[in-house]
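In case you want the letters, here they are:
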2 protein chains.
Amino acid sequence: MAITKPVALNQTKKGDTMEALRRKILSEGRVASDDVLKVDSFLNHQLDTVLLNQIAEEFYQRFASEQVTKIVTVEASGIALAVLTGRLFEVPVIFAKKQPQQKASDCQSETFYTADVYSYTKACQYQMVIAKDYLQATDCVLLIDDFLANGEAATGLMTILEQAGAKLVGLGIAIEKGFQKGGDQLRRSGIKVESLAIIDRMTKEGIVFREND
Amino acid sequence: MAITKPVALNQTKKGDTMEALRRKILSEGRVASDDVLKVDSFLNHQLDTVLLNQIAEEFYQRFASEQVTKIVTVEASGIALAVLTGRLFEVPVIFAKKQPQQKASDCQSETFYTADVYSYTKACQYQMVIAKDYLQATDCVLLIDDFLANGEAATGLMTILEQAGAKLVGLGIAIEKGFQKGGDQLRRSGIKVESLAIIDRMTKEGIVFREND
């Protein structure tokens, strides 16, 4: 699989954090295929703690007016952004655990909330679980994740929030693949989705970021 | 498996962070068996971001005099402490990825440093991998992890550092099972191991923390 370094196809003027993230995507991201962006150098394997903390501060600003009692994410790549954001809100973070579908039947439904999720990136079905002890009907939850594409993981987490009766405050996302349907579908259903870099088009020739309002 | 809430069998006087961690272990930890301590409410599933940030600040203080260029940990539970510590040092964090042994042969050794690790907790062998791009011979690495028991994960990470030719600065550990051999073996070999809570004995009746020097 040929991996090409993307270049900016449009120039946008944004806040510092959004600009820093876009610049990082352009300088270090690798478009591995039309829908796979590799950002292992700062978000998915090596973590740029300075940039990630800036992103967390931006999430904090965008949701500071809301009452947030818990932050929820999915292991493993979501944990870094979630914990940096949780530190600012001074609220607990819960990371949903992923387990293979075949283990699902062992999982006691008295103890865990569960959701079946299909991963397009890995082309497999898995189950995400959160222990019931940690999510209550009184919780107001901010979901944090590194990527939003078709919205499968987000929908799985929302299913779990519904099971708990917890309120969804919104989603804080580092990179949204705007050419996939997840983000816009969630926005249309009235959910506050804050994505710091929205990619509207991505080919080996380059990346087009969505202009802000 | 009966799970009993531990009680303090000895009283110790420590720094604030160590004391806060010990109190948390005593109030929320569950001794699931003679060598399994469940701390899902604040370290392994739900994350107490205030306490974890305190622990990160303590790691920072203990290693601030050393030159640290990278922090390395293993997914998933190590990521939270590593990224909070990395924020303070303003250095990148790398989290080693775990993959099943059978996938190991697919892994190109030109691209990844690898180490085979046996997990006593999960009773299985796995391979940890770090992309060669992110670790250099010039790196001075602080290893951060939530638990240290037999030292299998730490030894795996050290094997990877050796492959990269990187220097090991030391280990920052939240909870060490002092009754298992890992921590003391590493200390005997001259490695700086800073564990904030060392459990010397752990039964369903209670927990004995190691006294500090």
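The model shown is predicted, which means the values in this text are computed figures rather than measured ones.

Conventions adopted
Residues numbered from 1 in each chain as written. Chains lettered and ligands numbered in written order. Predicted model: local features only at pLDDT ≥ 70, side-chain atom pairs only at ≥ 80, totals over all residues. Heavy atoms only, no water. Least-squares fit on C-alpha atoms with pLDDT ≥ 70 in both. Contact = heavy atoms within 4.5 Å. Helix = DSSP H or I, 4+ residues; strand = E, 2+ residues; numbered from the N terminus. Buried < 20%, exposed > 50% of the residue type's maximum accessible area, 1.4 Å probe, protein only. Salt bridge = Lys/Arg side-chain N within 4 Å of Asp/Glu carboxyl O.

### Looking at the relation of the copies chain B and chain A
- Aligned on chain A, chain B shows an RMSD of 0.0 Å; the corresponding rotation is 180 degrees and the shift along the axis is 0.0 Å. Both chain copies can therefore be described as sitting about a two-fold axis.
- Looking at chain B, 100% of its interface residues are interface residues in chain A too, so the copies touch through the same face.

### Here we look at the environment of Ser-41 of chain A
- Mapped onto the fold, Ser-41 of chain A is located in helix α2 (residues 40-44).
- Look at Ser-41 of chain A and you get buried, because its relative accessible area is 13%.
- Separated by 60 residues in the primary sequence, Ser-41 of chain A and Gln-101 of chain A have C-alpha atoms spaced 30 Å apart.
- Setting aside its immediate chain neighbours within four residues, Ser-41 of chain A contacts Glu-28 and Gln-46 of chain A together with Tyr-134 of chain B.

### Some points on the environment of Gly-170 of chain A
All names here are of chain A.
- Positionally, Gly-170 belongs in strand β9 (residues 167-177).
- For the pair Gly-170 and Val-141, spaced 29 residues apart in sequence, the C-alpha separation works out to 7.4 Å.
- Once residues within four sequence positions are removed from consideration, Gly-170 is found in contact with Phe-63, Val-141, Leu-142, Leu-143 and Lys-192.

### Thoughts on the pattern of salt bridges
- Following the criterion strictly, the structure yields 24 salt bridges over all chains and no others.
- Across the pair Asp-48 of chain B and Lys-24 of chain B runs a salt bridge whose closest N-O atoms are separated by 3.0 Å. One end of the pair, Asp-48 of chain B, is in the loop between β3 (46-47) and α3 (49-63); the other, Lys-24 of chain B, is in helix α1 (residues 16-28), and 24 residues separate them in sequence. Like Asp-48 of chain B, the residue Lys-24 of chain B is buried in the burial classification.
- The residue Arg-210 of chain B makes a salt bridge to Asp-200 of chain B at a minimum N-O spacing of 2.9 Å. Separated by ten residues along the polypeptide, Arg-210 of chain B in the segment after β11 (206-209) and Asp-200 of chain B in strand β10 (residues 193-203) bring together distant segments of the chain.
- What makes Asp-200 of chain B partly exposed here is its relative accessible area of 30%.
- Because the salt bridges share partners, they merge into one network encompassing Glu-176, Asp-184, Arg-187, Asp-200 and Arg-210 of chain A.

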